[in-house]
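# Coordinates in review
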Amino acid sequence: MKCQKCQQREATVHYKSNINGAVTEAHLCPECAGKSGYDTAFDPFGTMLSDFLRPWRSLSAGQSSECPFCGATEQSIADSGKAGCARCYDLFSDLFDPYIRRIHGRAEHTGKIPATAGQELRQRREKERLQRELKEAVEQQRYEDAAKYRDQLNALQEGGADA
Amino acid sequence: MSTWYEKEGAKSGIVLSTRVRLARNYTKYPFPNRMTDQQRQSLLDETAACMTAAAGGQEFTLRDLTKADPAEARSLMEQHLISPELAAGNGPRGVILSREEDLAVMVGEEDHLRIQAMGAGLCLDECLKRAMQADDLLESVGSYAFSDRMGYLTQCPTNLGTGLRASVMLHLPALTAQGYMRGVINAAGKMGFAVRGIYGEGSRFVGDLYQFSNQATLGLSEEEIVRRLEKAVDGFLEKEEELRAQLKNDDGFLDRVWRAAGLLASARSISSEEAMSALSLVREGAACGVLPNVTMSELNRLLVAVQPATLNLAEGGRLDETQRDKKRADLLRSVMGKVLR
């Protein structure tokens, strides 16, 4: 559905009210909705209406947001219970995270780390460690140590940029 | 004095086989539910090239199922080399098999790759090692889908983490006959293991064969998963052994085993279901030392060979049910005939 106002972008904000039989409907894109005040400001009923709008907005925004790599949508994932590609887990984390928690609890991966993806992981962990050490050294005014950690961090970042 | 399990090995009398599978996906393609046929074909070509080039090119071969006869796919399923899903699937897909058929990489099933290592008896560590080696090899095809927190990313969130499913196939006729299985299945469930029938998910129990496998894939390391399964299975093995030891001198049991052996050694036509339940009894009897003239490996082989599609394929054609039942009886007589002599 196209936005009622600009007639160009996809309408993702749907507003419908029924006040004593007078039905008002609005189908707008996020931009026009923001300009028209349907976003948050225009709100004759104060916070009540924005509370009412929120679930509508998130659902319709989800339906139209599509994974740029595989084309999966929130709807297709909710229907199948399956991710469309590796990126979907990040993109639709709101949808997956509660589901994953229900299956696996709050567990995190402790098993094998692949060589290629693992290289980045190991580098990232080393960087985090050096940053922690650096902060601690500065706090404790151990400036020689701090300089050492800074050099190591720089070397790591340069190495990372080369790779 | 040697007992039955000293001759056959404590585990092989009960544990038919062990299987370890890893679910893997590459970042360069969408997951199978959103792949085009062209992408599926590329995936199949690339992984097959990677595996068949390894180890001098002798070790692995591709069985392309894209245009294969459904009977061939079904037979591979009965031999536990592929899953029912891959057999029934559509589009470019296949399985890369090692010469010994102890490693099978399914391509284009629920995940890009399902790396499976299989072995006879209880051999979880060896299977895990073999699957991991293939995993390392296949990583050269592309970067694996992986996240720090969620581990290996899979199409279905239930397999996230290690992507590992370790399973053992147990023959538990004594526990079954004495009504213990409901309790065993409940206990296994509480320990985090699923119990399935012989063909995995959704199939019923045939021939007192049960497959035990881990449910959780995230949070434990591969080694921990395998250790826990081994520990759980050990408990059930012990109970089955205990019950079998009592059966050995039970006249009713001896009578049932010999009748089953007699049936298999003399039937002229037999359905796969009847054959499976008789084979189950005979296998139990052989494991208890009641039938000395037949080996576990012969019986394990029969359990697969009597399945409809495998039988059909071995006969090189399309047998109808009546012909199949006759062929099945012929095959069983040829092996079991010596037991009565």
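Preceding this paragraph is the structure being described.
About the criteria used
- Per chain, the residues get numbers from 1 upward, laid out in the order the sequence is written.
- Chains and ligands are labelled sequentially in the order written, the chains with letters from A and the ligands with numbers from 1.
- The predicted nature of this model means local features are confined to residues of pLDDT at least 70 and side-chain atom pairs, given and counted, to a pLDDT of 80 or more, with totals for whole chains, interfaces and linings taken over all residues.
- Side-chain descriptors were evaluated using all non-hydrogen atoms of the structure, hydrogens and water having been removed beforehand.
- A pair of strands is labelled paired if DSSP reports no fewer than 2 bridges between them.
- For helices the rule is a DSSP run of H or I covering at least 4 residues; for strands it is a run of E covering at least 2, with both sets numbered from the N terminus onward.
- Between N-to-C directions, angles cover 0 to 180 degrees, with each direction set by a line fitted to C-alpha atoms, over the stretch in contact for helices.
- In what follows, residue pairs with any heavy atoms lying within 4.5 Å of each other are defined as contacts.
- Once two parts are put together, the accessible area they lose, assessed with a 1.4 Å probe and summed over both, is termed the buried area.
- The salt bridge definition used is simple: a Lys or Arg side-chain nitrogen within 4 Å of an Asp or Glu carboxyl oxygen.
- Between N or O atoms, a polar contact is any pair within 3.5 Å; within protein, one atom must be a potential hydrogen donor and the other a potential acceptor, and residues adjacent in sequence are included only when both atoms are from side chains.
- Residue classes follow a fixed rule: Ala, Val, Leu, Ile, Met, Phe, Trp, Tyr, Cys and Pro count as nonpolar, while Asp, Glu, Lys and Arg count as charged, and any other residue, Gly among them, counts as polar.
- Note on ring pairs: Phe, Tyr and Trp rings are taken, using the six-membered ring of Trp, and paired if centres are within 6.5 Å. Classes follow the plane angle, with under 30 degrees stacked, over 60 edge-to-face and the rest tilted.
- For every residue, the accessible area obtained with a 1.4 Å probe (protein chains only) is divided by the maximum for its type, and the residue is called buried under 20%, exposed over 50%, and partly exposed between those limits.
- Any angle between 65 and 115 degrees counts as roughly perpendicular, while under 35 counts as roughly parallel, over 145 as roughly antiparallel, and the rest as oblique.
- If you view the pair so one helix is near and one far, a crossing is left-handed when the near helix is turned anticlockwise from the far one by less than a right angle, and right-handed when it is turned clockwise.

All names here are of chain B. Spatially, E2-E3-E4-E5-E1-E8-E10-E9 is the arrangement adopted by the 8 strands of the open sheet, whose pairing is antiparallel. The open sheet is flanked by strand E2 (60-64) and strand E9 (193-196), the only strands paired with a single partner. On average, each strand axis in the sheet is inclined to that of its neighbour by 20°, with strand direction left out of account. The sheet contact formed by strand E4 (residues 103-107) and strand E5 (residues 113-120) spans 5 bridges and is antiparallel. If you follow Val 105 over to E5, its bridge partner there is Ile 115. The sheet strands contacting helix H8 (residues 222-247) are strand E1 (15-24), strand E8 (164-171), E9 and strand E10 (209-214), and the helix crosses E8 at an angle near 10°. Set on the sheet, helix H10 (residues 272-287) makes contact with E1, E8 and E10; between it and E8 the angle comes to about 80°.

Between chain A and chain B, the contact holds 33 residues from the first and 38 residues from the second. In total, chain A and chain B occlude about 2,800 Å² of area from one another, counting both sides; carbon and sulfur atoms represent 57% of this. The three residues of chain A that bury the most area against chain B are Tyr 89, His 109 and Lys 112 of chain A, which together make up 25% of that side's buried surface. Applying the counting rule to chain A against chain B returns 3 salt bridges. For Lys 112 of chain A, the salt bridge is made with Asp 135 of chain B, and the minimal N-O distance between the two is 2.6 Å. Along the contact surface separating chain A from chain B lie 14 residue pairs in polar contact (both at pLDDT 80 or more). At the level of elements, helix H3 (74-80), helix H5 (93-104) and helix H6 (115-139) of chain A are the ones that each hand at least two residues to the side of chain A that touches chain B. Broken down by element, the residue count for the side of chain A that touches chain B peaks at 6 residues, all from H5 of chain A. Along the lines of polarity and charge, the residues of the side of chain A that touches chain B split into 17 nonpolar, 10 polar and 6 charged.

Okay, the packing of aromatic side chains next. To describe a pair of aromatic rings, one takes the distance between the centres and the angle between the planes. Counting across every chain of the model gives 5 aromatic pairs over all chains. Ring centres of Tyr 89 of chain A and Phe 96 of chain A lie 4.6 Å apart, and the angle between their planes is 40°; on these two criteria the pair is classed as tilted. Taking relative accessible area as the criterion, Tyr 89 of chain A reaches 2% and is therefore assigned buried. A residue is classified by how much of its surface remains accessible, and Phe 96 of chain A, at 2% relative accessible area, is buried. Seen in terms of ring centroids, Phe 212 of chain B and Phe 236 of chain B are 5.3 Å apart; in terms of plane orientation they differ by 35°. Their pairing is tilted. Of this pair, Phe 212 of chain B sits in strand E10 while Phe 236 of chain B sits in helix H8, placing them 24 residues apart in sequence. Of the two residues, Phe 212 of chain B and Phe 236 of chain B, neither departs from the other in class, the shared state being buried. A connected cluster of aromatic rings, assembled from ring pairs, spans Tyr 26, Tyr 144, Phe 146 and Tyr 152 of chain B.

As a further point, take the packing of helix H5 (residues 124-138) of chain B against H8 of chain B. Residue and element names in this part refer to chain B. Contact pair H5 / H8: the axes reach a minimum separation of 10 Å and the direction vectors enclose 155°. Compared by their axis directions, H5 and H8 come out roughly antiparallel. Both H5 and H8 take part in a crossing whose hand is right-handed. Contacts from Leu 124, Asp 125, Leu 128 and Met 132 in H5 reach Glu 222, Glu 223, Val 226, Arg 227, Leu 229 and Glu 230 in H8.

This part takes up the pattern of salt bridges. Under the criterion given, the structure shown has 24 salt bridges over all chains. For Arg 130 of chain B, the salt bridge identified is with Asp 102 of chain B, shortest N-O distance 3.7 Å. Pair noted here: Arg 130 of chain B is in helix H5 and Asp 102 of chain B is in the loop between strand E3 (94-98) and E4, with a separation of 28 residues, a long-range link. Here Arg 333 of chain B ties to Asp 330 of chain B by a salt bridge, and the two come within 3.0 Å at their closest N and O atoms. Of this pair, Arg 333 of chain B and Asp 330 of chain B both sit in helix H13 (residues 321-340), 3 residues apart, which is roughly one turn of the helix. Residue class for Asp 330 of chain B comes out partly exposed when judged on its relative accessible area of 33%. Connected through shared salt-bridge partners, Lys 112 of chain A together with Arg 24, Asp 135 and Asp 136 of chain B make up one network.

Attention now moves to unusual backbone geometry. Unlike most non-glycine residues, Gln 141 of chain A shows phi in positive territory, near 55°. In this fold, Gln 141 of chain A is placed in the loop between H6 and helix H7 (143-162).

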